[in-house]
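Letter by letter, the chains look like this.
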Amino acid sequence: MGEYLKIVGGRPLFGRVRVPAAKNSVLPLMAAAMMCQGETVLQQVPDLADVRQSMAIYEALGGRCSWQGSRLRLKFTAQQGEGVLPQGPARAMRSSVFYLAPALHRFGRVQTVQPGGCNLGPRPIDIHLEGLARMGAQIEWQGETLVLTAPRGLRGTEFVLRLPSVGATETLLMAAVLAKGETVLRGAAREPEVVDLANYLTACGAWIQGAGSSVIRIRGTAQLEGCSYQPIPDRITAATLAAGVASAGGHITLEGCPADLLEPTLCILQQAGCGVRRKEEGVQVERSGSLKGVGRLYTGVYPGFSTDAAPVVAAALLTAKGQSSIEDTIFENRFACGEEFCKLGAKAWREGRRLELVGVPALTGAPMQAADLRGGAALVVAALAAQGESRVFGLEHIRRGYKDLPGTLQALGANITLCTLPEQEEPDQL
């Protein structure tokens with residue numbers, strides 16, 4: 001609670017931002033690099049809390065990681081081991097689950113605790129485990145400890161995902177590329193991050209067909225070789241900055257992020273009254289007049305409206321004339337930020353998975369507490385439009401997915417400062 005962001009709203013945003021590599025691509029790519037011989041170099045990687053946690057897991061399992069500017073170099077050197085994931089990083093982020101298949105391939109065994117992450121409601125890993133079991137892994141729960149073994153290696157199979165889980169698709173994709181024989185995944189997730197992982201593995205020597213569709217075919221290979229790779233840009237960072245302009249007004253250019261990655265978010269912002277220009281290698285977003293409500297929206301699997309973008313878009317709609325409603329079909333607790341919006345004077349309330357909004361003429365600054373990553377970013381977006389001073393606490397959540405968000409917004413003209421409370425001072429009653 002010691003650190004917080006002080007934001008004095010009412011200043012429009014202007015300028016250009018180069019969108020960094022996607023956190024949701026970088027994390028599975030780091031785990032996949034564990035399966036490769038030689039070195040992998042990932043380009044334009046943001047130095048995030050979750051990336052650091054993943055580095056800790058990679059090194060604990062027997063690899064080496066180092067930064068070279070914005071390049072992340074990874075080389076796995078251990079020839080044998082127990083495959084035990086360190087509890088701290090494993091509990092800190094859900095993406096620790098990506099190390100299950102690589103550790104099984106390297107050691108024939110992996111041990112971990114239930115993965116952590118944001119409190120968005122139940123997020124089981126049962127589809128991951130069902131698929132790995134079909135490929136020959138033995139699964140045992142010892143209290144809160146999960147142990148998987150595959151002393152004879154994994155084998156190809158045909159598996160139907162009952163839900164198009166991105167994480168499960170990526171886990172089983174990693175399991176299949178070094179498994180014996182052919183694997184067919186049906187009902188697979190189609191998100192760009194899945195395609196990015198498949199492209200990286202293919203560059204390393206894997207045989208994958210159909211990534212980006214609901215049916216993916218993989219032929220196992222004996223060995224993968226590391227390579228230099230540029231992950232896709234972070235569409236959620238781009239959506240956050242676009243929502244920031246919709247909230248505060250102004251005109252920004254998002255460089256290096258193709259519009260098709262952002263399309264559902266851009267369409268919603270256009271419907272609300274923003275100007276959007278789609279260019280070959282970027283997007284321009286501007287807002288000069290007032291916004292209007294957009295009616296009822298639903299999040300969904302790709303190519304639908306992303307659940308991760310929903311809170312920041314909701315924040316931009318707090319002063320839109322009329323009503324808006326966003327229902328999240330992925331997570332039960334996506335809109336914990338709704339109660340915090342009300343502290344700014346917004347008319348927002350939750351009904352189950354749905355956040356209802358009625359636009360107000362103006363917001364007034366207030367202290368707010370971030371409860372999760374995207375909800376925390378949404379509080380920042382909302383504060384950009386509020387009159388007077390806001391304080392956003394819970395920065396540990398925001399840092400998991402954004403590299404220096406206050407610095408990025410400062411460069412665009414926002415009045416935002418990272419502050420620290422004196423030790424003897426208690427934070428405002430939130």
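Parameters at a glance
- Residues numbered from 1 in each chain as written.
- Predicted model: local features only at pLDDT ≥ 70, side-chain atom pairs only at ≥ 80, totals over all residues.
- Heavy atoms only, no water.
- Helix = DSSP H or I, 4+ residues; strand = E, 2+ residues; numbered from the N terminus.
- Buried < 20%, exposed > 50% of the residue type's maximum accessible area, 1.4 Å probe, protein only.
- Contact = heavy atoms within 4.5 Å.
- Areas by Shrake-Rupley, 256 points an atom, 1.4 Å probe, with all protein chains shown as cover.
- Lys, Arg positive; Asp, Glu negative; His and termini not counted.
- Charge placed at Lys NZ, Arg CZ, Asp CG, Glu CD.
- Core = buried A, V, L, I, M, F, W, Y, C linked by side-chain atoms within 4.5 Å.
- Phe/Tyr/Trp six-rings, centres within 6.5 Å; stacked < 30°, edge-to-face > 60°.
- Lys NZ or Arg CZ within 6 Å of the ring centre and 35° of its normal.

1. Some remarks on the overall build of the protein
Helix and strand counts for the protein come out as 14 helices and 25 strands. Its C-alpha atoms put the protein at 65 × 50 × 40 Å along the principal axes. Counting across all 430 residues of the protein, residues that qualify as buried make up 55%. Within the protein, residue pairs in contact and separated by at least 24 positions form 72% of the contacts whose partners lie at least 6 positions apart. Carbon and sulfur atoms form 47% of the exposed surface of the protein, whose accessible area is close to 16600 Å². Each charge class in the protein was averaged separately, 43 positive and 40 negative side chains, and the resulting centres sit 4 Å apart.

2. Considering the nonpolar core
Among the nonpolar cores identified, the biggest contains 75 residues, and L13, F341, V380 and L409 are the most heavily contacted of them. Broken down by element, this core gets its largest block of residues, nine residues, from helix α8 (residues 235-248). Non-local contacts of F341, meaning those with residues more than four positions away in its chain, are made with P311, A314, A315, L318, A346, A348, L355, A378, L379 and A382. Listed in part, the 74 residues of the second largest apolar core include A175, A176, L178 and A179.

3. Overview of the packing of aromatic side chains
Within this structure, the stated rule accounts for four aromatic pairs. Residues Y58 and F76 carry aromatic rings whose centres are separated by 5.6 Å and whose planes lie at 90° to one another, so their mutual orientation is edge-to-face. Of the two residues, Y58 is situated in helix α2 (residues 49-61) and F76 in strand β6 (residues 71-76); the sequence distance between them amounts to 18 residues. For the ring pair Y200 and Y229, a centre distance of 5.6 Å and an interplane angle of 70° mean the geometry is edge-to-face. Highlighted residues: Y200 in helix α7 (residues 192-203) and Y229 in strand β15 (residues 228-229), separated in sequence by 29 residues. Accessibility expressed as a relative area gives 12% for Y229, which makes it buried. Here the aromatic residues Y58, F76 and F107 are joined through ring pairs into a cluster of three or more. It is R219 that lies over the ring of W207; its NZ or CZ is 4.0 Å from the centre.

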